[in-house]
Amino acid sequence: MSSRVMVRMAPALKGRRSPLTLTQAAVKRLKELRENSSTEDKNKTLKIGIQGKGCSGNAYTLSWVEAPKKFDEKVTQDGVTVLIDSKALLTLIGTEMDWFEGKLASQFVFNNPNIKGACGCGESFLV
C-alpha cells in the first residue's frame, strides 16, 4: 500500500512592522548615552515598560537591563536596540519614540496613537 504526500510551497511571509519606531533624534540620543556610559554599562540595553501610576493610570518606564526576559520584544533601528516589556507591547504598538530638548527639560517623548487621554502635566496616560 502506498500513500501520496502532496507538498505545497507556503506563501511568502510578509515582514511585520516594528511595534515601536525611533526618530533620528531618539537614535542619536541613545547612541550618545551608549558612548558616554561606563564600560560595565555598555552591555546593557534600554527597556521600555509601562507602570500603573499617575492621575491617568499609566506611565512609561525606562530602565537599563543586562538581558531580555523571555517574551520581551526586541526593536533594532539604525544600529540602536531597545527592548519592550512584554506587558507593555500591546499598548505601545504604533508608537514613535522621540527625543525632545527644550529650555527647561530634555526627555524622551512617546507619540502613542493608542492613548485615549492624558493628565495635564503629560506624565501619565489612559489607554
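We now turn to the structure provided with this report.

**A word on the pattern of salt bridges**
Evaluated as defined, the whole model comprises 3 salt bridges. A salt bridge links Lys47 to Asp72; the nearest nitrogen and oxygen atoms lie 2.9 Å apart. Placement of Lys47 in strand 2 (residues 45-51) and of Asp72 in the loop between strand 3 (59-65) and strand 4 (73-77) is noted, with a sequence separation of 25 residues between them. Assessed through its relative accessible area of 8%, Lys47 is described here as buried. Ionic pairing is found between Asp85 and Lys47, a salt bridge with its closest N-O pair at 3.6 Å. Taken together, the residues span a long stretch of sequence, with Asp85 in the loop between strand 5 (80-84) and helix 2 (89-92) and Lys47 in strand 2 at a distance of 38 residues.

**Topic: the nonpolar core**
Leu20, Leu22, Leu30, Ile48, Val82, Met97 and Phe108 are the most contacted members of the largest nonpolar core, which totals 17 residues. For this core, the secondary structure elements donating two or more residues are strand 1 (20-22), helix 1 (24-36), strand 2, strand 5, strand 6 (95-101) and strand 7 (106-111). In this structure Met97 touches Leu20, Thr21, Leu22, Thr23, Ala26, Leu46, Ile48, Phe108, Val109 and Phe110, once residues within four positions along its chain are discounted.

**Considerations on the sheet that holds strand 7**
Strand order in this open sheet of 3 strands is 1-6-7, and the pairing throughout is mixed. Looking at the sheet topology across the chains shown, the edges are occupied by strand 1 and strand 7. Across this sheet, the average inter-strand angle for adjacent strands is 25°, counted without regard to direction. Pairing geometry for strand 6 and strand 7, over 6 bridges, is antiparallel. Note on strand 7: the bridge partner recorded for Trp99 is Phe108. Packed on one face of the sheet, helix 1 meets strand 1, strand 6 and strand 7 and runs near 70° to strand 6.

**A few points about helix 1**
Note: α-helices contain 3.6 residues per turn, so residues at a spacing of three or four share the same orientation. Under the 1.5 Å per step criterion, the end-to-end length of helix 1 is 18 Å for 13 residues, consistent within 8% with the ideal 18 Å. Burial in helix 1 covers these residues: Ala26, Val27 and Leu30. Viewed along the axis of helix 1, the buried residues span an arc of 100°, placing them on a single side of the element. Looking at helix 1, the residues exposed on the side facing more than 90 degrees away from the buried face are Gln24, Lys28, Glu35 and Asn36.

**A short note on the side chain of Asp72**
Here Asp72 falls in the buried class, since its relative accessible area comes to 13%. One polar contact links the side chain of Asp72 to the main-chain amide nitrogen of Ser86, over a distance of 3.4 Å. Not counting the four nearest positions on each side in its chain, Asp72 is found in contact with Lys47, Ile84, Asp85 and Ser86.

**Examining the environment of Pro113**
Tracing the backbone through its elements, the reader meets Pro113 in the loop between strand 7 and strand 8 (117-118). Pro113 has contacts with Ile93, Gly94 and Thr95, leaving out every residue within four places of it along the chain.

Rules and cut-offs
Every residue gets a number counted from 1 within its own chain, in the order that chain's sequence is written. With pLDDT at 70 or above as the cut-off, local features in this predicted model cover only qualifying residues; side-chain atom pairs require 80 or more to be listed or tallied, and sums for whole chains, interfaces and linings still use all residues. Values reported for side chains reflect all heavy atoms of the structure, with hydrogen atoms and water molecules removed beforehand. Any Lys or Arg side-chain nitrogen found within 4 Å of a carboxyl oxygen on Asp or Glu counts as a salt bridge. Put simply, DSSP H or I for four residues or longer makes a helix, DSSP E for two residues or longer makes a strand, and each gets a number counted from the N terminus. Note on exposure labels: buried denotes an accessible area under 20% of the residue type's maximum, exposed denotes more than 50%, and partly exposed covers the range between, all computed with a 1.4 Å probe on protein chains only. Only buried Ala, Val, Leu, Ile, Met, Phe, Trp, Tyr and Cys residues count toward a nonpolar core, and they belong to the same one when joined by side-chain atoms within 4.5 Å. Contacts are assigned to residue pairs that have any heavy atoms within 4.5 Å of one another. Here, any two strands with at least 2 DSSP bridges between them count as paired. Only the stretch in contact is used when a helix axis is fitted, and all axes are lines through C-alpha atoms; the angle between N-to-C directions ranges over 0 to 180 degrees. A helix is expected to span 1.5 Å for every residue after the first. What the arc describes is the spread of directions from the helix axis to the C-beta atoms. Distance and chemistry together define a polar contact, namely a pair of N or O atoms within 3.5 Å, with one atom able to donate a hydrogen and the other to accept it when in protein, and with adjacent residues in sequence counting only for side-chain atoms on both sides.

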